[in-house]
Amino acid sequence: MIFSQKVSLVTGASQGIGEAIAEELGKEGATVILVDIQKDKLEQVAKRLSDQGIKALPYEADVTHFDQVCAVTEAVVKELGKIDHLVNNAGITRDSLLLRMKEEDWDLVLAVNLKGAFNFSRAVLKHMISARYGRIVNISSVVGLMGNFGQTNYAASKAGLIGFSKSLAREVAARGITVNCVAPGYIATPMTEKLPDEVKKAFLEIIPMKRFGLPVEVARAVKFLCSDDAAYITGQVINVNGGMYM
Ligand code: NAP
């Protein structure tokens, strides 16, 4: 197992892609810290992973609140001594055309998707710097690269994550820390399940592989970026999108 003795913190871990990432890292021996806003869902996932022999610890926190993020980080470091992998995965959508977009929907999407990554990176980084080791993986989106009708807020947050990651990668490269993005295409999760059938059909038409991606297919890219095989890769974006954007 490649992550024995490693500690991996995954945000938005109680369903979808985040849950799959936690499972994939945990199956490689990492102790996984599951962070999400809904305690019940988190505890169910922690139990499901523990039943597979994975050491999974649930921590309830809203990634938009820096005080909660710092409290989780300090509690984990106190208990386990370090955080080796940080996966900023928590994300939301609040879609509408810009002309109709409410200011609160702009602010919330940017707060969860972009500021959430700032908050956790800011809190965890000092421990990674002391350890002279770390892997930060930010979950962006194909929409951050190509744009999407009705998603100016989401696209701005996901494109922002790419600029954030490249800048932070430059700041910490000499400290043994890599910072990369994974940009999923259309992945079958609760987030996409709620889209209307005609939108799903339109997406399928522009995906050369003619199918939606699976959460585990994103999780495997994250696993690679956290592994020693990716030690010399930083400031990059790995697309996991079935060829939807090349
Ligand atoms: P999901 O099924 O909606 O899961 C996201 C998780 O994040 C949920 O458990 C959600 O909790 C949690 N969350 C929301 N706000 C939070 C907050 N403030 N603090 C902590 N946790 C919070 O989404 P997904 O499809 O797995 O997507 C995961 C990531 O991949 C997101 O960043 C998304 O933008 C990105 N992505 C997804 C796709 C796709 O096709 N699915 C494509 C590209 C990128 P609640 O359910 O309680 O809100």
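Residues numbered from 1 in each chain as written. Predicted model: local features only at pLDDT ≥ 70, side-chain atom pairs only at ≥ 80, totals over all residues. Heavy atoms only, no water.

Moving on to the overall build of the protein chain. When its secondary structure is counted, the protein chain shows 9 helices and 7 strands. Over its C-alpha atoms the protein chain spans a radius of gyration of 17 Å, differing by no more than 12% from the 18 Å that the globule rule assigns to 246 residues. Over its C-alpha atoms, taken along the principal directions, the protein chain stretches across nearly 50 × 35 × 35 Å. A burial count over the protein chain gives 51% of its 246 residues as buried. Sequence separation of 24 or more characterises 73% of the internal contacts of the protein chain that already satisfy a separation of 6 or more. A total accessible area of about 11700 Å² is found for the protein chain, and carbon and sulfur atoms account for 55% of it. (Helix = DSSP H or I, 4+ residues; strand = E, 2+ residues; numbered from the N terminus. Rg over C-alpha atoms; globule rule 2.2 N^0.38 Å. Buried < 20%, exposed > 50% of the residue type's maximum accessible area, 1.4 Å probe, protein only. Contact = heavy atoms within 4.5 Å. Areas by Shrake-Rupley, 256 points an atom, 1.4 Å probe, with all protein chains shown as cover.)

A few words now on the environment of Ala-75. You can see Ala-75 is positioned in helix 3 (residues 66-80). For Ala-75 and Tyr-59, which are 16 residues apart along the polypeptide, the C-alpha to C-alpha distance reads 9.4 Å.

Below, the discussion takes up the nonpolar core. Ranked by internal contacts, the top residues of the largest apolar core, which has 37 residues, are Leu-9, Ile-33, Val-35, Val-72 and Phe-120. Elements with a minimum of two residues in this core: strand 1 (7-11), strand 2 (31-36), strand 3 (56-60), helix 3, helix 4 (103-131), helix 5 (142-146), helix 6 (152-172) and strand 6 (177-184). The leading source of residues in this core is helix 4, at 7 residues. Excluding its chain neighbours within four sequence positions, the residues that come into contact with Val-35 are Leu-9, Val-10, Thr-11, Gly-12, Ala-13, Leu-42, Tyr-59, Ala-61, Val-72 and Phe-120. By size, the runner-up hydrophobic cluster in this structure holds 30 residues, among which are Leu-25, Leu-34, Ile-139 and Val-222. (Core = buried A, V, L, I, M, F, W, Y, C linked by side-chain atoms within 4.5 Å.)

Looking now at the side chain of Asn-138. Mapped onto the secondary structure, Asn-138 falls in strand 5 (residues 134-139). For Asn-138, the side chain forms a polar contact with the side chain of Ser-165, separated by 2.8 Å. In this structure, Asn-138 is in contact with Asn-88, Ala-117, Leu-161, Phe-164, Ser-165, Val-179, Asn-180, Cys-181 and Val-182, ignoring residues within four places of it in sequence. (Polar contact = N/O pair within 3.5 Å; in protein donor to acceptor, adjacent residues only side chain to side chain.)

Another aspect to go through is the pairing of strand 2. Across the 6 residues of strand 2, 6 count as buried, placing the element largely inside the fold. What you see with strand 2 is no split at all: Thr-31, Ile-33 and Val-35 on one side and Val-32, Leu-34 and Asp-36 on the other are buried throughout. Here strand 1 runs beside strand 2; their pairing, made up of 5 bridges, is parallel. Bridge pairing in strand 2 places Thr-11 opposite Val-35. In this view, the connection linking strand 1 to its parallel neighbour strand 2 by way of helix 1 (residues 16-27) has right-handed handedness. (Pairing = 2+ DSSP bridges. Right-handed = clockwise from strand over helix to strand, strands pointing away.)

Moving on: helix 4. The terminal C-alpha atoms of helix 4 lie 41 Å apart, and with 29 residues this matches the ideal 42 Å at 1.5 Å per residue to within 8%. One or two steps after helix 4, the chain reaches Arg-132, where phi turns positive at roughly 50°. (Expected span 1.5 Å × (residues − 1).)

Turning to a nonpolar patch on the surface, a few remarks are in order. Taken together, Leu-145, Met-146, Ile-206 and Tyr-245 make up a surface patch of nonpolar side chains, about 310 Å² in accessible area. Secondary-structure assignment places Leu-145 in helix 5. The exposure class assigned to Leu-145 is partly exposed, which follows from its relative accessible area of 31%. (Patch = residues over 30% accessible without salt bridge, like charges linked within 9 Å, V, L, I, M, F, W, Y side chains within 5 Å. Salt bridge = Lys/Arg side-chain N within 4 Å of Asp/Glu carboxyl O.)

Close to the ligand lie 30 residues; Gln-38, Asn-89, Tyr-154, Ile-187 and Thr-189 are nearest. Within the side chain of Asp-62, one N or O atom sits 2.8 Å away from a nitrogen atom of the ligand. Within the complex, the protein chains bury 91% of what would otherwise be the 880 Å² of accessible surface of the ligand. Those elements giving two or more residues to the shell around the ligand turn out to be helix 1, helix 6 and helix 7 (190-193). The element contributing the most residues to the shell around the ligand is helix 7, with 3 residues. Looking at side-chain class alone, the shell around the ligand contains 14 nonpolar, 12 polar and 4 charged residues. (Near = heavy atom within 4 Å. Nonpolar A, V, L, I, M, F, W, Y, C, P; charged D, E, K, R; others polar.)

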